[in-house]
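Single-letter residue listing:
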Amino acid sequence: MSYFQSKVMGDSNVSLEAWAKNTAPEGESSAAADSLSRVFEFEKTTRWAVAKVKRRQTYQTCGKNAIIQNFTHLLGIPQADAFFVEDMWLLETEATHVTLNVKCRIVWLKNTMLKS
């Protein structure tokens, strides 16, 4: 993952923790007690600024299926503390194929001009 973030995506200062027993921070939905989680951080550089990104992932199996849930927080840019992005990947295994369903939402923590 850190190779992909740095070499393919062009991000810098990539750090990746090992998978560990899940503990959900306040504001994020808590996953099942038997799930695993990890945190990785990196910096995304644009023409105008450098944004620090912190993403917490949880992984859980449900029979032959799996769920990966990501909580992405931006740091160091105006109004970044007003929201985070949550996305969920559901991998469903069938006899002849695997289906990937992805859901994404913005979770607002404060009122802003984008959300009142």
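Conventions adopted
- Residues numbered from 1 in each chain as written.
- Predicted model: local features only at pLDDT ≥ 70, side-chain atom pairs only at ≥ 80, totals over all residues.
- Heavy atoms only, no water.
- Patch = residues over 30% accessible without salt bridge, like charges linked within 9 Å, V, L, I, M, F, W, Y side chains within 5 Å.
- Areas by Shrake-Rupley, 256 points an atom, 1.4 Å probe, with all protein chains shown as cover.
- Salt bridge = Lys/Arg side-chain N within 4 Å of Asp/Glu carboxyl O.
- Helix = DSSP H or I, 4+ residues; strand = E, 2+ residues; numbered from the N terminus.
- Buried < 20%, exposed > 50% of the residue type's maximum accessible area, 1.4 Å probe, protein only.
- Pairing = 2+ DSSP bridges.

A. Structural view of a nonpolar patch on the surface. Together, Trp-89, Leu-100 and Val-102 give the surface a local cluster of nonpolar side chains, amounting to about 280 Å² of exposed area. With respect to the element layout, Trp-89 can be found in strand S6 (residues 83–93).

B. Inspection of the pattern of salt bridges at higher detail. Inspection of every chain in the model, using the stated rule, returns two salt bridges. Here Lys-110 makes a salt bridge to Asp-81, at a shortest N to O gap of 2.5 Å. One end of the pair, Lys-110, is in the segment after strand S7 (98–108); the other, Asp-81, is in the loop between strand S5 (65–75) and S6, and 29 residues separate them in sequence. The partner of Glu-86 in a salt bridge is Arg-105, with the nearest N and O atoms 2.7 Å apart. Pair noted here: Glu-86 is in strand S6 and Arg-105 is in strand S7, with a separation of 19 residues, a long-range link. Taking the relative accessible area as the measure of exposure, Arg-105 reaches 47% and is therefore partly exposed.

C. How the structure looks around the pairing of S6. With seven bridges connecting them, S5 and S6 associate as antiparallel partners. Counted as the bridge partner of Phe-71 is Glu-86 from S6. Pairing of S6 with S7, which is carried by eleven bridges, proceeds in the antiparallel orientation. Residue Leu-90 lies in a different strand from S7, and its bridge partner there is Asn-101. Between S6 and S7, which pair antiparallel in sequence order, lie four residues.

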